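# Inside the fold
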Amino acid sequence: MIIVLMLLLALPASAEPLSENQARLGVVTGDVGLLSQGAVDWVEAHEGLPLETGDRIRTGEDGRVELILSEQALWVLEPNTAVVTEHIETDAGLLDVDSGALYGTVDSERAAGTVQRWDFKTPSAVIAVRGTEFALDVSKQEGTRLGVFEGKVAMQAAETAEGPQPPVEVSSGLEAVAKRGRSI
């Protein structure tokens, strides 16, 4: 009987392990909260916490968090940032970036043969990432600023009274700004 109890105590007391391709939080520093879809209370974020469709993530004044969406895609939310995970797959997804700054990298070398399709909706633009390194800064007053460090990223201004705007390709070493109701 004692041996059986010792064996039971030795078993991990955790939920089912995350799959290899489960989106999750990476390093978390400072004030970072997560509100799961349907939940009423924010929880304190911690490393390894799984991400699901509809999760809201916010960082406080001293908060910073990594979003590990796949082996090839990593987003880092800087202080005072708010995002919602609209859709997440192994090699594609959509995040709403309400405000703040986000740094992202897609390792296209490791993703050989797999097309990465990551999109970011902001109040003033939609950004389409297909394998690159970039940064976004989103402000309701200043609009959406996109800087591309490596590769190319498409940026499309939010629809205006004249209808949808054509996407603009932003190349390595360049930046673009989208403000509501204006062309990029």
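Residues numbered from 1 in each chain as written. Predicted model: local features only at pLDDT ≥ 70, side-chain atom pairs only at ≥ 80, totals over all residues. Heavy atoms only, no water.

Here we come to the overall build of the chain. Counting secondary structure elements, the chain contains 1 helix and 15 strands. In the chain, buried positions account for 38% of the 184 residues. Partitioning the intrachain contacts of the chain with sequence separation of at least 6 by distance along the chain shows that 49% fall at a separation of at least 24. Accessible surface, the chain: about 10500 Å² in total, of which carbon and sulfur atoms supply 52%. (Helix = DSSP H or I, 4+ residues; strand = E, 2+ residues; numbered from the N terminus. Buried < 20%, exposed > 50% of the residue type's maximum accessible area, 1.4 Å probe, protein only. Contact = heavy atoms within 4.5 Å. Areas by Shrake-Rupley, 256 points an atom, 1.4 Å probe, with all protein chains shown as cover.)

As enumerated under the stated definition, the model contains 5 aromatic pairs in all. Each ring, one from Trp-75 and one from Trp-118, has its centre 5.6 Å from the other, and the planes form 85°; the classification is edge-to-face. On the criterion of sequence distance, the pair formed by Trp-75 in strand β6 (residues 73-77) and Trp-118 in strand β9 (residues 117-121) is long-range, its members being 43 residues apart. The exposure class assigned to Trp-118 is buried, which follows from its relative accessible area of 0%. Judged by centre distance (5.7 Å) and plane angle (65°), the ring pair of Trp-75 and Phe-134 falls under edge-to-face. You can see Trp-75 sitting in strand β6 and its partner Phe-134 sitting in strand β11 (residues 133-139), a full 59 residues away along the chain. An identical accessibility class is assigned to Trp-75 and Phe-134; each is buried. Positioned above the aromatic ring of Trp-42, the side-chain terminus of Arg-58 is 5.3 Å from the ring centre. (Phe/Tyr/Trp six-rings, centres within 6.5 Å; stacked < 30°, edge-to-face > 60°. Lys NZ or Arg CZ within 6 Å of the ring centre and 35° of its normal.)

Enumeration according to the criterion identifies 6 salt bridges in this entry. Among the salt bridges present, the one from Asp-31 reaches Arg-58, with a minimum N-O distance of 3.1 Å. Placement of the pair is Asp-31 in the loop between β1 (24-29) and β2 (32-35) and Arg-58 in strand β4 (residues 56-59), with a sequence separation of 27 residues. When the shortest N-O distance is used, the salt bridge between Lys-152 and Glu-169 registers 3.8 Å. Placement of the pair is Lys-152 in strand β13 (residues 152-157) and Glu-169 in strand β14 (residues 168-171), with a sequence separation of 17 residues. Side by side, Lys-152 and Glu-169 carry an identical accessibility label, which is exposed. (Salt bridge = Lys/Arg side-chain N within 4 Å of Asp/Glu carboxyl O.)

Right, let's talk about the nonpolar core for a bit. Leu-67, Leu-69, Trp-75 and Phe-120 are the most contacted members of the largest nonpolar core, which totals 35 residues. Here this core takes 4 residues from strand β8 (residues 92-106), the largest share from any one element. Once you skip the residues sitting within four places of it in the chain, Leu-67 turns out to touch Arg-24, Leu-25, Leu-51, Ile-57, Ala-73, Leu-74, Trp-75, Leu-77, Val-83 and Leu-95. (Core = buried A, V, L, I, M, F, W, Y, C linked by side-chain atoms within 4.5 Å.)

Turning to unusual backbone geometry, a few remarks are in order. What you tend to see is this: most non-glycine residues have negative phi, and most peptide bonds are trans. For Asn-80, which is not glycine, the phi dihedral falls at a positive 60°. You can call Asn-80 partly exposed: its relative accessible area is 46%.

We now examine the environment of Ala-92. Tracing the backbone shows Ala-92 in strand β8. Overall, the relative accessible area of 14% leaves Ala-92 in the buried class. Along the backbone, Ala-92 and Asp-119 are 27 residues apart, and their C-alpha atoms lie at a distance of 8.0 Å. Sequence-distant contacts of Ala-92, defined by excluding residues within four places in its chain, comprise His-87, Arg-117 and Trp-118.

Mean pLDDT over the chain: 85, with 85% of residues reaching 70 or higher. By mean pLDDT, helix α1 (residues 2-10) is the weakest element of the chain at 35, and β4 is the strongest at 98. Considering only residues more than four positions removed or in separate chains, one finds that residues 1-18, a stretch of pLDDT under 50, has 3 contacts. (pLDDT = per-residue confidence, 0-100.)

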